[in-house]
Amino acid sequence: MNQKGINQRELADMIGKDETVISRWFAGKVGISRSSVELLEKALGEKLIKDKQHNMKKALITGVTGQDGSYLSEFLLEKGYEVHGVIRRNSSDHRERISHLEGTPHFHLHYGHMEDSMSLVKVVTMVRPDEIYNLAAQSHVQVSFDSPEFTADVDATGVLRVLEAVRAAGLENTCRIYQASTSELYGKVEEVPQNENTPFHPYSPYAVAKLYGYWIIREYREAYNMFCCSGILFNHESERRGETFVTRKITLAAARIAQGLQDCLYLGNLSSLRDWGYAKDYVECMWLILQNDKPEDFVIATGVQHSVREFAYYAFKHVGIELEFKGKGLDEIGVCVSDNRHSVHKKDTSLVGKALIKVSPDFYRPTDVVNLWGDPTKAKAKLGWNPNKTSFEELVKIMVDSDMAKVAGEGAAAKVRTNLAEYLEKGIVK
């Protein structure tokens, strides 16, 4: 404009807009539509935005630092999206899952919090996304019994805040919203397997909070004609799963026991049945749900069920330890019947005959969901999604391999620290 000797008022007259609108455009307070960009380009006689950049879809992800958020970010960036993530402002940073993405083109982070509606309104208004993936949650079932109020504020009211932020930004007709729901909604299951029409019976504060999130999504879809959907996610794991979740607890323990750094693993109900899938496969279905012609809710599951006992068996088997389970309930133990670990890890000590898995009442929940099994028929038929790209045994192998490397690295680092302390004590190094 300066080069052409045009001021804001003259530009406003040239394209038939109010001067205050032009001012807000240049201040970045509101977005510019494609038609307005074309008017500006015609008035100024030059291209303002590269076509590729302008045509990039924008996605906003809450919970971007989590397992699903990190995989979804990678997936959308590969699809050519401009990805924006919401992170909490904490004294300690937890960005290890997305650290490799920071600094890359088209990946941006913004401070916000699910408990703070103003921060969400600010981010949504500034980014003006085409798609929102609400993955942020207090997602640990056991923790929800200890912190039910916090769980409700984030997992229930937090969903409402996202929806209202979209309306406040004037995006209710253009922004599509995905809500990460959960198989825990089925709780005390009333039919097996569970599909989109199975009655809900939540059995934990976490599930009750998520049920509000599910229903408020449906309410805004019907009341305001918004394109918002829930993906009812069954258990999905990966090498990026939090270490407090039972699958990572098992794979880490298998790695540590295999390398002589842990003696025994304590678990809760070994007979609990779950439908476990690979998180990296599941984020594709999240995306497909928002590409559908109309907003609908979908079950995201593999359709295959396994027990906690089976998960533990295959995890230990992959590190060369064969287990046999004996006893029932609280008296059940997993005993090593064959030790085929790599010679590097054996150190002349066999684990045969040792109880490597025991049951502890501390890990039983006040109300425990024991039989979750999803039916992904609708997602397969309507979205063309393949829920079985990664088999159960492949998933366990991926997680164990990752934790074997992690534990080996930790062991090497500990040995270096020990040797350094010894050398310093002896005066070998100063």
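This text follows the structure it describes.
Small disclaimer: the values here were computed from a predicted structure and weren't measured.

**A look at the overall build of the protein**
Across its full length, the protein holds 15 helices and 15 strands. Burial status across the protein gives 46% buried among its 430 residues. Across the protein, the fraction of contacts at a sequence separation of at least 24, relative to all contacts at a separation of at least 6, is 72%. For the protein, the accessible surface area stands at approximately 20,900 Å², while carbon and sulfur atoms represent 50% of it.

**What to know about the environment of Asn-195**
The residue Asn-195 is located in the loop between β5 (176-182) and α9 (205-223) in this model. Along the chain, Asn-195 and Ala-301 lie 106 residues apart, while their C-alpha atoms are 9.6 Å from each other. Contact partners of Asn-195, with chain neighbours within four places excluded, come to Tyr-186, Val-299 and Asp-375. A distance of 2.7 Å separates a polar atom in the side chain of Asn-195 from the backbone nitrogen of Asn-197.

**Considering the state of the cysteines**
Summed over all chains, the structure comprises 0 disulfides. Cys-228 forms no disulfide, and the closest cysteine sulfur to it belongs to Cys-229, at a distance of 6.7 Å.

**Some remarks on α9**
Three- or four-residue spacings in an α-helix give side chains the same orientation, since the helix completes a turn every 3.6 residues. Its 19 residues place the ends of α9 27 Å apart at the C-alpha level, agreeing with the 27 Å of an ideal helix rising 1.5 Å per residue. For α9, every residue scored as buried is listed here: Tyr-206, Ala-207, Ala-209, Lys-210, Leu-211, Gly-213, Tyr-214, Ile-216, Ile-217, Tyr-220 and Arg-221. Buried residues in α9 make contact with α7 (141-146), α8 (148-168), β5 and β6 (228-233). Asn-225 occupies a position one or two residues after α9 and carries a positive phi of about 55°.

**Quick word on the packing of α8 against α9**
Here α8 crosses α9 at 15°, and the two axes come no closer than 7 Å. Considering their axes alone, α8 and α9 lie roughly parallel with respect to each other. Crossing geometry of α8 relative to α9 is assigned as right-handed. Of the residues in α9, those in contact with Pro-148, Thr-151, Ala-152, Asp-155, Ala-156, Thr-157, Val-159, Leu-160, Leu-163, Glu-164 and Arg-167 of α8 are Pro-205, Tyr-206, Ala-209, Lys-210, Tyr-212, Gly-213, Ile-216, Ile-217 and Tyr-220. Across the contact of α8 with α9, the residue classes tally to 13 nonpolar, 3 polar and 4 charged.

**Section: helix α11 (residues 279-291)**
The end-to-end C-alpha separation of α11 is 19 Å, in line with the 18 Å expected for 13 residues at 1.5 Å each. The buried fraction of α11 amounts to 11 of the 13 residues, a majority that puts the element mostly inside the structure. When we look at burial in α11, the residues that qualify are Ala-279, Asp-281, Tyr-282, Val-283, Glu-284, Cys-285, Met-286, Trp-287, Leu-288, Ile-289 and Leu-290.

**Re the sheet that holds strand β13 (residues 321-326)**
If you walk across this open sheet you meet the 4 strands as β8-β15-β14-β13, and the pairing is mixed. Single-partner strands in this sheet number two, and they are β8 (265-267) and β13. Between one strand axis and the next, the sheet turns through 25° on average, direction left out of account. Helix-sheet contacts for helix α10 (residues 246-258) involve β8, β13 and β15 (355-359), and the interaxial angle to β8 is about 160°.

**Examining the pattern of salt bridges**
Per the counting criterion, the structure on display carries 18 salt bridges. One salt bridge connects Asp-297 with Arg-221, and the closest N-O pair in it is separated by 3.0 Å. Linking Asp-297 in the loop between α11 and β11 (298-300) with Arg-221 in helix α9, this pair joins segments that are 76 residues apart in sequence. Residue Asp-297 is classed as buried on the basis of its relative accessible area, which comes to 7%.

**Regarding the packing of helix α5 (residues 67-78) against α11**
Across the interface, α5 lies against α11 with an axial gap of 9 Å and an inter-helix angle of 65°. In this structure, α5 meets α11 at a crossing whose hand is right-handed. Residue-level contacts link Gln-67, Asp-68, Tyr-71, Leu-72, Phe-75 and Leu-76 of α5 to Ala-279, Lys-280, Val-283, Glu-284, Met-286 and Trp-287 of α11. Looking at the contact of α5 with α11 residue by residue, the classes come out as 8 nonpolar, 1 polar and 3 charged.

**Examining the pairing of β6**
Burial of β6 is extensive: 6 of the 6 residues sit out of reach of the surface. Of the two faces of β6, both are covered, the one formed by Cys-228, Ser-230 and Ile-232 as well as the one formed by Cys-229, Gly-231 and Leu-233. Relative to β6, β5 runs parallel, the two being bridged by 6 bridges. Paired with Tyr-178 across the strands is Cys-229, a residue of β6. Since β5 and β6 lie parallel, the crossover through α9 that links them has a hand, and here it is right-handed. Note that β6 and β11 share 3 bridges and pair parallel. Each residue of the ladder has a partner; that of Leu-233, found in β11, is Ile-300.

Thresholds applied
Residues numbered from 1 in each chain as written. Predicted model: local features only at pLDDT ≥ 70, side-chain atom pairs only at ≥ 80, totals over all residues. Heavy atoms only, no water. Helix = DSSP H or I, 4+ residues; strand = E, 2+ residues; numbered from the N terminus. Buried < 20%, exposed > 50% of the residue type's maximum accessible area, 1.4 Å probe, protein only. Contact = heavy atoms within 4.5 Å. Areas by Shrake-Rupley, 256 points an atom, 1.4 Å probe, with all protein chains shown as cover. Polar contact = N/O pair within 3.5 Å; in protein donor to acceptor, adjacent residues only side chain to side chain. Disulfide = S-S within 2.5 Å. Expected span 1.5 Å × (residues − 1). Axes fitted to C-alpha atoms, helices over the stretch in contact; angles between N-to-C directions. Parallel < 35°, antiparallel > 145°, perpendicular 65-115°, else oblique. Left-handed = near helix turned anticlockwise from the far one by under 90°. Nonpolar A, V, L, I, M, F, W, Y, C, P; charged D, E, K, R; others polar. Pairing = 2+ DSSP bridges. Salt bridge = Lys/Arg side-chain N within 4 Å of Asp/Glu carboxyl O. Right-handed = clockwise from strand over helix to strand, strands pointing away.

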